[in-house]
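# An overview of the molecular structure
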Amino acid sequence: MPDGLMKARLTAIRYAAHETNLYEFRRLDGGRWPSATPGAHIDLHLPNGMMRQYSLVHAGDAPEVYVVGVKRDRTSRGGSKFMHEQLRVGEELDIGGPRNNFPLNETATNSILFAGGIGITPIMCMIERLETLGRSWKLYYSCRSRAETAFLRELRDMAGDRVVFNFDEENGGKFLDLGAIAASAPVGAHLYCCGPTPMLKAFEAATASLPRDRVHIEYFTAAEAAATEGGFVVELRRSKREIAVPPGKSILEMLREAGVEVTTSCEEGVCGACETTVISGTPDHRDMILTASERAASKTMMICCSGSKSERLVLDL
Ligand code: FES
């Protein structure tokens, strides 16, 4: 088993909404899971050989269970399809993580949360924490229909008018006006969004004028292609090796060809598993994790998808 993976058993599957289930995992050795913060996700290494990342519904110190929400994606390449059709309670699998690329700012006096569909899972986790802290929050939650809305009753019971639901089918296909909502956010509020790509794009546009440290987005798919322009050399400072990356190849491909072992998970720049310290050189960042200021500082890079703008890139590997 690769480093960092833990043996788990699926101990419950609960219905959450139409074609959306909650999956509960416990450690096989009876121990407790590593602590997780709101917005964290885990890697599920499925018995069909696939690996998928899913956000945790609950955070906490040394939790007994990890729970993830999975919506069956009709275009699924096998992850959600397998989980809905074949994964059964009692099965064993490996879990990696947790990692958090979508952390909650717990000191913000106001948090404005946007969720689309199953993007509600990390947002629920944040709401749970914000409630514990007694912080002010508001949720805008968009789904196709009530039947497809996970946590509908819980949110209604708990939150009252702090949740604005938007059901596309009931609204003549009208989407939330993210621009208007962002423009009217209280001064200093932090804004979060997790949902389908069109919603994330609309959120990015709606918050473009806000300070970047107050805008938080969770991506689950890559928006940019991996860098394969090549034409540079990667120096691995610790292992004292040099590896040429030719056009048409990514850094990750060349490292693997050279027999260099690197930790990866999503391999498309959305999970953070391959984050590597940059000693010198100018990375060509293609990931969805680093903020604009982190990209500019270039202290680290995601080697699964990013390349180099300089002829030489020196990495702490
Ligand atoms: Fe997920 Fe690189 S392996 S970001």
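Description of the structure in this document. (Residues numbered from 1 in each chain as written. Predicted model: local features only at pLDDT ≥ 70, side-chain atom pairs only at ≥ 80, totals over all residues. Heavy atoms only, no water.)

### Details of the packing of aromatic side chains
Worth spelling out the cut-off: The rule is short: rings of Phe, Tyr and Trp, with Trp giving its six-membered ring, pair when the centres are within 6.5 Å, and they are stacked under 30 degrees, edge-to-face over 60, tilted in between. Only DSSP runs of H or I with at least four residues qualify as helices, and only runs of E with at least two residues qualify as strands; both kinds are numbered from the N terminus onward. When a residue's accessible area, from a 1.4 Å probe over protein chains only, is under 20% of the maximum for its type it is buried; when over 50% it is exposed; and in between it is partly exposed. Any Lys NZ or Arg CZ found within 6 Å of a ring centre and within 35 degrees of that ring's normal is scored as a charge over the ring.
Enumeration according to the criterion identifies six aromatic pairs in this entry. Ring geometry for Phe114 and Tyr140: centres 5.4 Å apart, planes at 20°, overall stacked. With Phe114 in strand β7 (residues 110-116) and Tyr140 in strand β8 (residues 136-143), the pair connects residues that are 26 residues apart, well separated along the chain. Assigned by exposure class, Phe114 and Tyr140 land together as buried. Among the aromatic side chains, those forming a connected cluster through ring pairs are Phe114, Tyr140 and Phe203. Arg156 extends its terminal NZ or CZ atom over the ring of Phe165, reaching a point 5.9 Å from the ring centre.

### Details of the sheet that holds β8
Rules: A pair of strands is treated as paired once DSSP finds two or more bridges between them. Lines fitted to C-alpha atoms define the axes, with helix axes restricted to the stretch in contact, and inter-axis angles between N-to-C directions lie between 0 and 180 degrees.
Spatially, the five strands line up as an open sheet ordered β9-β8-β7-β10-β11, and their pairing is parallel. Of all strands in the sheet, those bounded by a partner on one side alone are β9 (163-167) and β11 (215-218). Direction aside, the axes of adjacent strands within the sheet are offset by 10° on average.

### Quick word on helix α5 (residues 197-206)
Note the cut-off: Each direction from the helix axis to a C-beta atom contributes to the arc, which is the arc of those directions. The criterion used for residue contact is that any of the two residues' heavy atoms lie within 4.5 Å.
Among the residues of α5, those classed as buried are Met199, Leu200, Phe203 and Ala206. The buried residues of α5 occupy one face: seen down the axis, they fall within an arc of 125°. In α5, the exposed positions angled more than 90 degrees off the buried face are occupied by Pro198 and Ala205. Those residues of α5 hidden inside the fold are in contact with β7, β8, α4 (178-183), β10 (190-194) and β11.

### Topic: the pattern of salt bridges
Cut-off, in case you're wondering: A pair is scored as a salt bridge if a Lys or Arg side-chain nitrogen falls within 4 Å of a carboxyl oxygen belonging to Asp or Glu.
Taken as a whole and judged by the stated rule, the model has 24 salt bridges. Its salt-bridge partner being Arg32, residue Glu64 comes within 3.2 Å of it at the nearest N-O pair. In this pair, Glu64 is assigned in the loop between β4 (51-55) and β5 (65-71) and Arg32 in the loop between β2 (20-27) and β3 (41-45), connecting sequence segments 32 residues apart. On the accessibility criterion, Arg32 (46% relative accessible area) is partly exposed. Lys201 is paired through a salt bridge with Glu204; the nearest N and O atoms lie 3.9 Å apart.

### Focus: the nonpolar core
Note that soluble globular proteins tend to have their nonpolar side chains buried in a common cluster. Quick note on the threshold: To qualify as a nonpolar core, a set must consist of buried Ala, Val, Leu, Ile, Met, Phe, Trp, Tyr and Cys residues joined through side-chain atoms within 4.5 Å.
In terms of nonpolar packing, the biggest core is built from 28 residues, with Leu113, Ile120, Ile123, Leu139 and Leu155 touching the most fellow members. Among the elements of the structure, β1 (6-17), β7, α2 (120-133), β8, α3 (152-159), β9 and β10 are those that each provide at least two residues to this core. Tallying contributions element by element places α2 first for this core, with six residues. Excluding residues within four positions of it along the chain, Leu113 makes contact with Ile123, Met126, Ile127, Leu130, Trp137, Lys138, Leu139, Tyr140 and Tyr192. In terms of nonpolar packing, the next biggest core, distinct from the first, is built from 24 residues, Cys193, Val215, Val270 and Ala273 among them.

### Description of the side chain of Thr300
Counted only if it meets this: For this analysis, a polar contact is any N or O atom pair within 3.5 Å, provided that within protein one partner can donate a hydrogen and the other can accept it, and provided that sequence-adjacent residues contribute only side-chain to side-chain pairs.
Tracing the sequence through the fold places Thr300 in strand β16 (residues 300-302). Note on Thr300: relative accessible area 19%, which makes it buried. Here Glu275 takes part through its side chain, which lies 2.7 Å from a polar atom of the side chain of Thr300. Among all residues touching Thr300, those that are not within four sequence positions of it are Glu275, Thr276, Thr277, Val278, His285 and Leu290.

Read these as geometric descriptors, not functional statements.
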